[in-house]
Amino acid sequence: MTALARWWRSRTLHTRLSLLITVAVGGAVVCLAMASWLAVAEIQQHQVQSELTTDADAIAAQPQQWLAGSATLPEVDGRPEGGHRGRHQLGPRWQILDAAGGVLTDSSVGLPISADARRVAAGQRRSVQEDVTLDGDSYRMLTVPATGGGAVQVAVNEDPGNNTLTMFGVALAVATLLGVGGAVWLGRVVARAGLRPVQELTTAVEEVAATTDLTRPVPVAGDDEIARLGRSVNTMLTAIESSRRAQRSLVEDAGHELRTPLTSIRTNIELLLAVERHPERAHRLPPEERANLLRDLDAQVAELATLTTELVDLAREDTTREEIEPVDLADVVAAAVNRVRIRAPGLTFTAELGSAVISGRPGELERMAVNVLDNAAKWSPPGGTVRTELRVDADGCLLTVTDDGPGIDPVDQPHVFERFYRATAARGTPGSGLGLAIVAQTAAQHGGTVMVDSVPPHGTVIAIRLPCARSSSVS
């Protein structure tokens, strides 16, 4: 069975479908032929039995008249029967026996008298039916008691019926072979026609794979299962193309953003190396400038490390090493506030955090909160206040972070969550333009939204809306 299963799985879908159709149609033809043959055989047996019984009962009812030659046979199945058929062998052969088993009719009929037939004649049995051979032909013989004693024997030749049945069987066999051959042809035709849309879809997908052109959709026609598959393939191609464009954009933007700090680091290192190689020029680089160069290198390396980390976080998209679990957002935000407070000692941080349980990934949520708070601390003036509030309302959990900074120009507000976007006012400050993009991505992955607005007379508020645990959907 295992070998058969392996063989079946190794066949093509076209071959398997052809075989299934062939077996189904061929099996139906064979079953119909067998049923027809059995039905004809049963009808023939019924006719022989009816003829035997009718003739035997008719002769047994009036044996003396038959001996005198004045009786005729009745109709059998609507067919008029007359004359002494047994004597002229035009129909059943018959003879009458006395109580001792002796033959009272013309002995030329020659029906054999068995021990069972003698018992019927003696009144010891009701009837007996036997298969006998006469003159090389096969007969079915029936012996029944006769009125007044003795018995009647009637025999019907079965060879004509058997020959007819054999010829009918041969005809059925030929028809069956033709039917099976037709089933094979029909199976191939139906399989080819039924799988043509699949073949066309396969060809189109293989062409897309060979050309890597994801912008050309697979042709789709109709509303059947193949059409649904084609539309699903087109949806998948669109998603892959969108992902590829996003990846290409990320790589290009990342390369552009990395070029500046790398160029600056390389310039500073080359200057330091030049001094090391030519000590006589050391007077050209005073100690205080050398210290400034080292501090710049340290800041640039730190900026490059931050940028690299943010790129990795942003490129991760929907994948993560964390499991989704119930998280109290208040605890996550409190930890983020404590981290940023240490990095910005000149600012005041206030937090009003109500318990808000969501389904999410704690690490990503904390990184999101840290990025929002870092952005607020970056733009707040010395001595300013960063206010954090978390509350639950009818629409879910709402986290707001408000700073005392200069605010965001209305022209820049629609773009602050885009990758590498730097507002005009931010281009002279440290940063990669990825922090708020990571905030927007994390919020979207947790089924939420993020928005930004200005606070009169100055300042910015960033609001993050997330669904509570009972209605959350994390991607």
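You'll find the structure just up there.
Remember, predicted model here, so these are calculated numbers, not experimental data.

Chemist: What exactly am I supposed to notice about the pairing of strand β1 (residues 93-97) here?
Modeler: Counting buried positions over the 5 residues of β1 gives 5, a clear majority of the element. Alternating residues of β1 divide into Arg 93, Gln 95 and Leu 97 and Trp 94 and Ile 96, and every residue in both groups is buried. Here 5 bridges tie β1 to strand β4 (residues 151-157), and the two strands are oriented antiparallel to one another. Paired with Leu 97 across the strands is Ala 151, a residue of β4.

Chemist: Help me understand the pattern of salt bridges in this model?
Modeler: A side chain of one charge can pair with a side chain of the opposite charge when the charged atoms of the two come close. Applying the stated criterion across every chain yields a total of 9 salt bridges. The residue Glu 366 makes a salt bridge to Arg 339 at a minimum N-O spacing of 3.3 Å. A residue pair is termed long-range when its members are at least 10 positions apart, and Glu 366 in helix α10 (residues 362-379) and Arg 339 in helix α9 (residues 329-343) qualify at 27 residues.

Chemist: Honestly, α10 in this entry has me stumped. Any pointers?
Modeler: An α-helical turn contains 3.6 residues, so a residue and the one three or four places further along point in the same direction. With 18 residues, α10 extends 26 Å from end C-alpha to end C-alpha; this agrees with the ideal 26 Å at 1.5 Å per step. Looking only at α10, the buried set comprises Glu 364, Leu 365, Met 368, Ala 369, Val 370, Asn 371, Val 372, Leu 373, Asn 375, Ala 376 and Ala 377.

Chemist: Got a minute to help me understand the sheet that holds strand β9 (residues 396-402) in this structure?
Modeler: Whenever strands of a sheet pair, they do so through backbone hydrogen bonds, lying parallel or antiparallel. The strand order across the open sheet formed by 5 strands is β6-β8-β9-β11-β10, and the pairing between neighbours is mixed. Two strands lie at the open edges of the sheet, namely β6 (348-353) and β10 (449-454), each paired on one side alone. Across the sheet, the mean angle separating the axes of adjacent strands is 15° when strand polarity is ignored. For β6 and strand β8 (residues 385-393), the ladder comprises 6 bridges, and the chain directions are parallel. Among the inter-strand pairings, Phe 349 is bridged to a residue of β8, identified as Val 386. On top of the sheet, α10 reaches β6, β8, β9 and β11 (460-466); it is set at about 170° to β11, its chief contact. In the packing of helix α11 (residues 435-445) onto the sheet, contacts are made with β10 and β11, and the angle to β11 comes to roughly 25°.

Chemist: Please explain the packing of aromatic side chains as it appears in this structure.
Modeler: Where two aromatic rings form a pair, the distance of their centres and the angle of their planes describe that pair. Enumeration over the complete set of coordinates arrives at 1 aromatic pair. Plain terms: the ring middles of Trp 66 and Trp 94 are 5.3 Å apart, the flat faces sit at 75° to each other, and that makes the pair edge-to-face. Taken as a pair, Trp 66 in helix α3 (residues 63-68) and Trp 94 in strand β1 lie far apart in primary sequence, 28 residues in all. Each member of the pair Trp 66 and Trp 94 is classed as buried.

Chemist: What is the right way to read a nonpolar patch on the surface from this model?
Modeler: Among the surface-exposed residues, Leu 4, Trp 7 and Leu 19 lie close enough to one another that they form a single nonpolar patch of about 280 Å² accessible area. For Trp 7, a relative accessible area of 39% corresponds to the partly exposed category.

Chemist: What is the right way to read the nonpolar core from this model?
Modeler: Across soluble globular proteins, nonpolar side chains show a tendency to be buried alongside one another. In this structure, Leu 329, Phe 349, Leu 365, Phe 417, Ile 464 and Leu 466 are the most contacted members of the largest nonpolar core, which totals 39 residues. Broken down by secondary-structure element, the contributors of at least two residues to this core are α9, α10, β8, β9, α11, β10 and β11. Per-element accounting of this core gives the leading share, 8 residues, to α10. Discounting chain neighbours no more than four positions away, the residues touching Leu 365 are Val 327, Leu 329, Val 332, Ile 358, Gly 360, Thr 442, His 446 and Leu 466. Judged by nonpolar contacts, the second largest core, of 14 residues, contains Val 48, Ala 56, Ala 60 and Val 154.

Chemist: Please explain unusual backbone geometry as it appears in this structure.
Modeler: A negative phi angle characterises most non-glycine residues, just as the trans form characterises most peptide bonds. Positive phi outside glycine occurs at Asp 135, with the angle close to 55°. On the accessibility criterion, Asp 135 (67% relative accessible area) is exposed.

Chemist: Before we go on, may I ask you to explain the packing of α10 against α11 in this structure?
Modeler: When two helices pack together, their arrangement is given by the angle between their axes and by how far apart the axes lie. Two elements in contact, α10 and α11, have axes whose closest approach is 9 Å; the angle formed by their N-to-C orientations is 145°. The interaxial crossing formed by α10 with α11 has left-handed handedness. Residues Glu 364, Leu 365, Met 368, Asn 371, Val 372 and Asn 375 of α10 form the contact with α11, whose own contacting residues are Gly 435, Leu 436, Ile 438, Val 439, Thr 442, Ala 443 and Gln 445. For the contact of α10 with α11, a count of residues per class yields 7 nonpolar, 5 polar and 1 charged.

Chemist: I keep staring at the side chain of Ser 380 and nothing clicks. Help me out?
Modeler: Mapping Ser 380 onto the fold places it in the loop between α10 and β8. Reaching out from Ser 380, the side chain makes a polar contact with the backbone oxygen of Ala 376 at a distance of 2.7 Å. For Ser 380, the residues in contact, after removing those within four places along its chain, are Leu 347, Thr 385, Val 386, Asp 403, Asp 404 and Gly 405.

Calculation notes
Residues numbered from 1 in each chain as written. Predicted model: local features only at pLDDT ≥ 70, side-chain atom pairs only at ≥ 80, totals over all residues. Heavy atoms only, no water. Buried < 20%, exposed > 50% of the residue type's maximum accessible area, 1.4 Å probe, protein only. Helix = DSSP H or I, 4+ residues; strand = E, 2+ residues; numbered from the N terminus. Pairing = 2+ DSSP bridges. Salt bridge = Lys/Arg side-chain N within 4 Å of Asp/Glu carboxyl O. Expected span 1.5 Å × (residues − 1). Axes fitted to C-alpha atoms, helices over the stretch in contact; angles between N-to-C directions. Contact = heavy atoms within 4.5 Å. Phe/Tyr/Trp six-rings, centres within 6.5 Å; stacked < 30°, edge-to-face > 60°. Patch = residues over 30% accessible without salt bridge, like charges linked within 9 Å, V, L, I, M, F, W, Y side chains within 5 Å. Areas by Shrake-Rupley, 256 points an atom, 1.4 Å probe, with all protein chains shown as cover. Core = buried A, V, L, I, M, F, W, Y, C linked by side-chain atoms within 4.5 Å. Left-handed = near helix turned anticlockwise from the far one by under 90°. Nonpolar A, V, L, I, M, F, W, Y, C, P; charged D, E, K, R; others polar. Polar contact = N/O pair within 3.5 Å; in protein donor to acceptor, adjacent residues only side chain to side chain.

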